[in-house]
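# Coordinate inspection notes
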Amino acid sequence: MFGARCLLRALRSCSSAPCPRHKPSAKLSVRDALGAQNASGERVKVQGWIRSVRSQKEVLFLHVSDGSSLESLQVVADSSFDSRELAFGSSVEVQGQLVKSLSKRQNVELKAEKIEVVGNCDAKAFPFKYKERHPLEYLRQYPHLRCRTNVQGSILRVRSEATAAIHSFFKPSSKVKVPEENFFNVPVFLTVSGQLHLEVMSGAFTQVFTFGPTFRAENSQSRRHLAEFYMVEAEISFLESLQDLMQVMEGLFKTTTMTVLSNCPEDVELCHKFIAPGQKDRLEHMLKNNFLIISYTEAVEILKQASQNFTFTPEWGADLHTEHEKYLVKHCGDIPVFVINYPLALKPFYMRDNEDSPQHTVAAVDLLVPGVGELFGGSLREERYHFLEQRLARGHRFEPWSRKIPHATEQLSPCDTTTEPVLYSLCATTTEAHAPRAHAAQREKPPQREACAPQQGVTLARRNWGKPTCSNEDPTLPNKLIN
């Protein structure tokens, strides 16, 4: 009886005054840990992969990365934690106190109290070696591991920020994202875009866009014709001029680029330093200048007067090739330039006829940028039924009620989203605009064009950044790209 009463008193005492417990460690990403403003010993938990190990007599140093940033977090531990399992590539969970670092190389470091090896890694058998240079062709043999390298990690973080920036750009303007679905029970031929989905939706929503994977069926193996890439496409109804469409294109370009430069400074710096030297100044030059506008006819005249010898002779009525596009940008001072009003024969039937005989052009626009050439493409859409009837007279079916509202399109040309630096590593974008019009005589006048003065002594160079279909990359990249 006495023993039972003592036990009851003990239980009451514990329930009314519980014994103190350690506060659980807060889980932080490496990026958040490195950005901590007040590192005053708070207990945290970090999970990631070991990038380097340095063991001394009384102290052990680890650098741990979780992919959230280019920089790794330094972990300082007692030498008693040293183990063969703590090797390059092993995955670990570290708990301890986040404190200010005594070293000038980093602001904070993690003073380890507990280190748990979650997954072992045999450093000798691991295909990537610490402080060893690996060519891109070698990395492609290990697609499941190459994302751990600095170069691939930086590109993927840039791509992620660019994707978020594109969505953020469209969201405030009440654009509706349209999902793309395909269900096939029979052999089909895939379109290279989500344009058909958008055409339907633009009859109910004034602004719609898609952002997803696109597949190219043609047998073309070049860095400009990838088998698979990501592309943004947008349709804007009630848009009546190329000037309005070009404002959207320029806004998307600058907003996305500034977001990437602001949110990924270390990754961008790595690209500028090791992958594409000179790109930083070029991007800043593009961001602080208004984009120029020239007509296709003016572009052809500039090319004809050029002292440069082109592989494809420029002439009116012929399409512009990459060599032409790069020259035009260089001619205009390495500032992005819109080329508008292309010959009708070069463009699809749905682009709006400018009714400007004898040249006969359509309201189409391409945005050319330094080092790449065409990045965006777009047009006003033909909404006049009798024009479409004439163009579709060769057996094409057209429902007269399906398109009574004019619209326009903007496209950002496909780029490799795995190895291109900064903006050119993003994706491809398309925007179509649609707008009602009353009569040809009431159309707005062509947009005012800024003068495009020739620039002497300007050269454009584009580094080989290692496309999956290319085999002539530089076999030796700097250590920092990998380690």
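In case you missed it, the structure is sitting above this.
What comes next concerns the included structure. Computed from a predicted structure; not experimentally measured.

Looking now at the nonpolar core. Core analysis: the biggest nonpolar cluster contains 29 residues, and Leu242, Phe338 and Val365 have the highest contact counts within it. Every element with two or more residues in this core is listed here: helix 4 (150–170), strand 8 (207–215), strand 9 (228–237), helix 6 (242–263), helix 8 (279–287), strand 11 (337–343), strand 12 (361–369) and strand 13 (373–380). Among the elements that take part in this core, helix 6 stands out by supplying seven residues, more than any other. Sequence-distant contacts of Phe338, defined by excluding residues within four places in its chain, comprise Met246, Met249, Glu250, Phe291, Leu292, Ile293, Ile294, Val365, Asp366 and Leu367.

Turning to the packing of aromatic side chains, a few remarks are in order. Summed over the entire model, instances satisfying the criterion amount to 14 aromatic pairs. When the centroid spacing of 6.3 Å and the interplanar angle of 80 degrees are considered together, the rings of Phe211 and Tyr230 count as edge-to-face. With a gap of 19 residues between them, Phe211 in strand 8 and Tyr230 in strand 9 connect regions that are remote in the sequence. With relative accessibility at 29%, the residue Tyr230 sits in the partly exposed group. Here Phe253 and Phe291 contribute two aromatic rings whose centre-to-centre distance is 5.4 Å and whose plane-to-plane angle is 80 degrees, an arrangement assigned as edge-to-face. Highlighted residues: Phe253 in helix 6 and Phe291 in the loop between helix 8 and strand 10 (292–295), separated in sequence by 38 residues. Per residue, the accessibility class of Phe253 equals that of Phe291, and both read buried. An aromatic cluster is present here, built from Phe88, Phe126, Phe128, Tyr138 and Tyr142 joined pairwise through their rings. Between Arg384 and the ring centre of Phe387, over which it is positioned, the NZ or CZ distance is 4.0 Å.

By the criterion of burial, strand 13 is predominantly enclosed, with seven of the eight residues buried. For strand 12 and strand 13, the ladder comprises six bridges, and the chain directions are antiparallel. By the bridge assignment, Asp366 is partnered in strand 13 with Gly377. Between strand 12 and strand 13, which pair antiparallel one after the other, the connecting turn spans three residues, and Gly371 there sits at a positive phi close to 80 degrees.

The next point concerns the pairing of strand 2 (residues 40–55). Judged from the two bridges that link them, strand 1 (residues 26–27) and strand 2 form a sheet pairing that is parallel. Within strand 2, the residue paired with Ala26 across the bridge is Val44. Sheet topology places strand 2 next to strand 5 (residues 91–100); nine bridges connect them, and they run antiparallel. Looking across to strand 5, one finds that Val44 is bridged to Gly96. For strand 2 and strand 3 (residues 59–65), the ladder comprises six bridges, and the chain directions are antiparallel. If you follow Val53 over to strand 3, its bridge partner there is Leu62. Connecting the antiparallel pair strand 2 and strand 3 is a turn made up of three residues.

So, about the pattern of salt bridges. A complete count under the given rule lists 13 salt bridges for this structure. One salt bridge connects Glu113 with Arg43, and the closest N-O pair in it is separated by 2.4 Å. With Glu113 in strand 6 (residues 108–119) and Arg43 in strand 2, this residue pair connects regions lying 70 residues apart in the sequence. A residue is classified by how much of its surface remains accessible, and Glu113, at 37% relative accessible area, is partly exposed. Since its relative accessible area comes to 29%, Arg43 is described here as partly exposed. Note that Glu382 is salt-bridged to Arg384, the shortest N-O span being 2.7 Å. Here Glu382 and Arg384 have matching classes, each one buried. Overlapping salt bridges bring together Asp353, Glu355, Glu382, Arg384 and Arg391 as one network.

Thresholds, definitions, all that
Residues numbered from 1 in each chain as written. Predicted model: local features only at pLDDT ≥ 70, side-chain atom pairs only at ≥ 80, totals over all residues. Heavy atoms only, no water. Core = buried A, V, L, I, M, F, W, Y, C linked by side-chain atoms within 4.5 Å. Buried < 20%, exposed > 50% of the residue type's maximum accessible area, 1.4 Å probe, protein only. Helix = DSSP H or I, 4+ residues; strand = E, 2+ residues; numbered from the N terminus. Contact = heavy atoms within 4.5 Å. Phe/Tyr/Trp six-rings, centres within 6.5 Å; stacked < 30°, edge-to-face > 60°. Lys NZ or Arg CZ within 6 Å of the ring centre and 35° of its normal. Pairing = 2+ DSSP bridges. Salt bridge = Lys/Arg side-chain N within 4 Å of Asp/Glu carboxyl O.

Shape is all these values report; function is a separate question.
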